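These are the residues of each chain, in order.
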Amino acid sequence: MPRNIYSEDHEAFRASVREFVERTLEPRAEEMIREHVIPRDIWQEAGKQGFLGLDIPEELGGAGAGDYRFNAVFAEEVSGFTAAVSSCFGIHADVCPPYIVDLGTEEQKQRWLPGIASGELICSIGMTEPSGGSDLAALKTTAVRDGEDWVINGSKTFITNGHQCDLAIVAVRTDPSKGAKGITLFVLEAGTEGFTKGNKLDKVGQVESDTSELFFDNVRVPDANRLGPEGQGFIAMMQRLPQERIGAAVSNVAHAAKILEETIEYTKERKAFGQAIGSFQHNKFKIAELVTRIEVTQAYVDDCVAAHAEGRLTPVDAAKAKWFSAQVQNDVLDECVQLYGGYGFMNEYRVARAWRDARVTKIWAGSNEIMKELIGRDLGL
Ligand SMILES: Cc1cc2nc3c(=O)[nH]c(=O)nc-3n(C[C@H](O)[C@H](O)[C@H](O)COP(=O)(O)OP(=O)(O)OC[C@H]3O[C@@H](n4cnc5c(N)ncnc54)[C@H](O)[C@@H]3O)c2cc1C
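None of these values were measured; they are calculated from a predicted model.

Let's shift gears to helix 4 (residues 68-81). In a regular helix each residue adds 1.5 Å, so 14 residues correspond to 20 Å; helix 4 covers 21 Å between its end C-alpha atoms and thus fits that length. With 13 of 14 residues buried, helix 4 lies mostly within the body of the structure. Capping the start of helix 4 is the job of one residue whose side-chain oxygen sits 2.9 Å from the backbone nitrogen of Arg69: Asp67.

What follows is the structure, given as structure tokens:
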């Protein structure tokens, strides 16, 4: 079925992202796999092309697109290259800026947003701690007021862009007596005394991305680094997680669709018993099922993208799109590996790496179980 949420402007934008993928990302694929990071010059090239500031006002160096469908197009095209690079750009350009745009003071916006849009200031967001990520309200990192400053102690883990980041938006506890209402957001700048980063974590998949621990040992920051009102951090995250989740859903479908497309081509070429493996009835039916699952999921995710562009996406619908697309992606890629036979288990094949890359999408940004918890609660269960 033809998709109907994108106009000519979005498709023209898609063509420019595709050109960036072919010209800038693809030739550097091996380097990113080896170094577990996106090179800084690629961040800056993405900034120059206007891809990192879609949510940032024009007067602060962004594109001020004001239409989430452009973010979705960017995520789709980069996910077709790799899920990992899409996740790094997504955290930097799709997840972090709205916090500063919506909650920042004029001084904070001037200080950070132009650098985020240009790719000079790489951004991360630290919610998860070693003691747990699902139960965000129980986070333990503290900030204690000391005159005009705050002193932060604790740590975060599994932070995308964590090793490379120049800025980290972190959620910390400013009032131990108030649970979720005692959480406040701060922006920490790399190089601040006491703020250190761990090594890049050794992951099963998404090896191109830099994922790291962040440590805070008596980190002293001025009140000017507090983002939004004291005690409002938890609600700020809850309000912005739907955008992170719909972004994840867009990537899940685009990534799986691209690998499935390549797999179908493979099954037309690869022969067994004198015929193309895709022409065996079992495989033909299997592929028919996979294509249908992708297209039906795509339709729901597209509806959510259109709803988000109009400001009417609910957190529950975002949760449905996120868990279901993650599940479908994993199921589809598992079958793709099967269709490649032994080659599907070889790292040099994209399908093998894509299969590993997909696994985390059922865990991060709220696990499938937490998504179902939100949906169940909304049903009054
Ligand atoms: C590669 C990668 C990148 C990441 N990037 C970031 C990032 O940039 N920033 C960030 O803050 N975090 C990031 N995360 C962390 C991620 O969001 C967490 O791993 C996730 O939220 C789960 O938290 P946890 O790992 O502590 O698992 P736990 O919270 O310990 O959960 C363990 C298991 O218990 C289940 N569970 C928990 N509570 C319930 C419940 N109520 N009902 C049923 N089951 C439940 C979970 O679903 C899970 O299966 C990243 C993680 C990875 C692996």
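Under the definition given, this model contains 15 aromatic pairs. Each ring, one from Trp43 and one from Phe89, has its centre 5.0 Å from the other, and the planes form 90 degrees; the classification is edge-to-face. Taken as a pair, Trp43 in helix 3 (residues 40-48) and Phe89 in helix 5 (residues 83-103) lie far apart in primary sequence, 46 residues in all. Trp43 gets classed as buried once you look at its relative accessible area, which sits at 0%. For Phe89, a relative accessible area of 1% corresponds to the buried category.

What the rule picks out here adds up to 31 salt bridges. The shortest N-O distance in the salt bridge between Asp223 and Arg226 comes to 2.9 Å. Of the residues examined, Asp223 reaches a relative accessible area of 18% and is grouped as buried. On the basis of relative accessibility, which here comes to 21%, the residue Arg226 falls in the partly exposed class. Put simply, Glu262 and Arg350 hold a salt bridge, and the shortest N to O gap is 3.0 Å. On the criterion of sequence distance, the pair formed by Glu262 in helix 7 (residues 233-269) and Arg350 in helix 10 (residues 350-359) is long-range, its members being 88 residues apart. On the basis of relative accessible area, Glu262 is assigned to the partly exposed category, the value being 25%. If you follow the salt bridges from partner to partner, you end up with Arg3, Glu11, Arg14, Arg18, Glu76, Glu77 and Asp302 in one network.

In this section: the site of the ligand. Around the ligand, 18 residues are found, and the nearest of them are Thr128, Gly133, Ser134, Ser367 and Glu369. Measuring from a nitrogen atom of the ligand, one finds a side-chain N or O atom of Thr128 at 2.7 Å. Within the backbone of Ala365, an N or O atom sits 3.4 Å from an oxygen atom of the ligand. In isolation the ligand offers 980 Å² of accessible surface; the protein chains occlude 65% of this area. Of all elements in the fold, only strand 1 (123-126), strand 3 (149-160) and helix 11 (368-378) reach the threshold of two or more residues within the shell around the ligand. When residues in the shell around the ligand are grouped by element, the largest group, three residues, is from strand 3. For the shell around the ligand, the residue count by class is nine nonpolar, seven polar and two charged.

Another point: the pairing of strand 2 (residues 142-146). Of the pairings in the sheet, the one linking strand 2 to strand 3 comprises five bridges and is antiparallel in character. Bridge pairing in strand 3 places Ala143 opposite Ile152. If you look at the hairpin formed by strand 2 and strand 3, you'll find two residues sitting between the two strands, and Gly147 has a positive phi there, around 65 degrees.

This next bit is on the layout of surface pockets. Taken as a whole, the second largest pocket encloses approximately 840 Å³ of empty space. Residue lining of the second largest pocket: 28 residues in total, with Arg3, Glu76, Ala257, Glu261 and Gln298 positioned closest to the centre. Among the elements of the structure, helix 1 (8-25), helix 4, helix 7 and helix 8 (281-309) are those that each provide at least two residues to the lining of the second largest pocket. No other element matches the eight residues that helix 8 contributes to the lining of the second largest pocket. When the residues that make up the lining of the second largest pocket are grouped by side-chain class, the tally is twelve nonpolar, three polar and 13 charged.

Core analysis: the largest hydrophobic core is formed by 56 residues, its most contacted members being Leu25, Phe89, Ile246 and Val305. Those elements that provide at least two residues to this core are helix 1, helix 3, helix 4, helix 5, helix 7, helix 8, helix 9 (315-340) and helix 10. Apart from residues lying up to four places away in sequence, Val305 is in contact with Ile5, Tyr6, Tyr68, Arg69, Ala72, Ile246 and Val250. Residues Cys96, Ile125, Met127 and Leu241 belong to the second largest nonpolar core, which totals 27 residues.

Reading guide: rules and limits
- Residues numbered from 1 in each chain as written.
- Predicted model: local features only at pLDDT ≥ 70, side-chain atom pairs only at ≥ 80, totals over all residues.
- Heavy atoms only, no water.
- Helix = DSSP H or I, 4+ residues; strand = E, 2+ residues; numbered from the N terminus.
- Expected span 1.5 Å × (residues − 1).
- Buried < 20%, exposed > 50% of the residue type's maximum accessible area, 1.4 Å probe, protein only.
- Polar contact = N/O pair within 3.5 Å; in protein donor to acceptor, adjacent residues only side chain to side chain.
- Phe/Tyr/Trp six-rings, centres within 6.5 Å; stacked < 30°, edge-to-face > 60°.
- Salt bridge = Lys/Arg side-chain N within 4 Å of Asp/Glu carboxyl O.
- Near = heavy atom within 4 Å.
- Areas by Shrake-Rupley, 256 points an atom, 1.4 Å probe, with all protein chains shown as cover.
- Nonpolar A, V, L, I, M, F, W, Y, C, P; charged D, E, K, R; others polar.
- Pairing = 2+ DSSP bridges.
- 1 Å grid on protein atoms, 1.4 Å probe; cavity = no way out; pocket = protein on both sides within 12 Å on 5 of 7 lines; lining within 4 Å.
- Points joined across faces, edges and corners; volume = space filled by probe spheres on them.
- Core = buried A, V, L, I, M, F, W, Y, C linked by side-chain atoms within 4.5 Å.
- Contact = heavy atoms within 4.5 Å.

Note that every value here comes from positions in space, so none of it alone points to a role or purpose.
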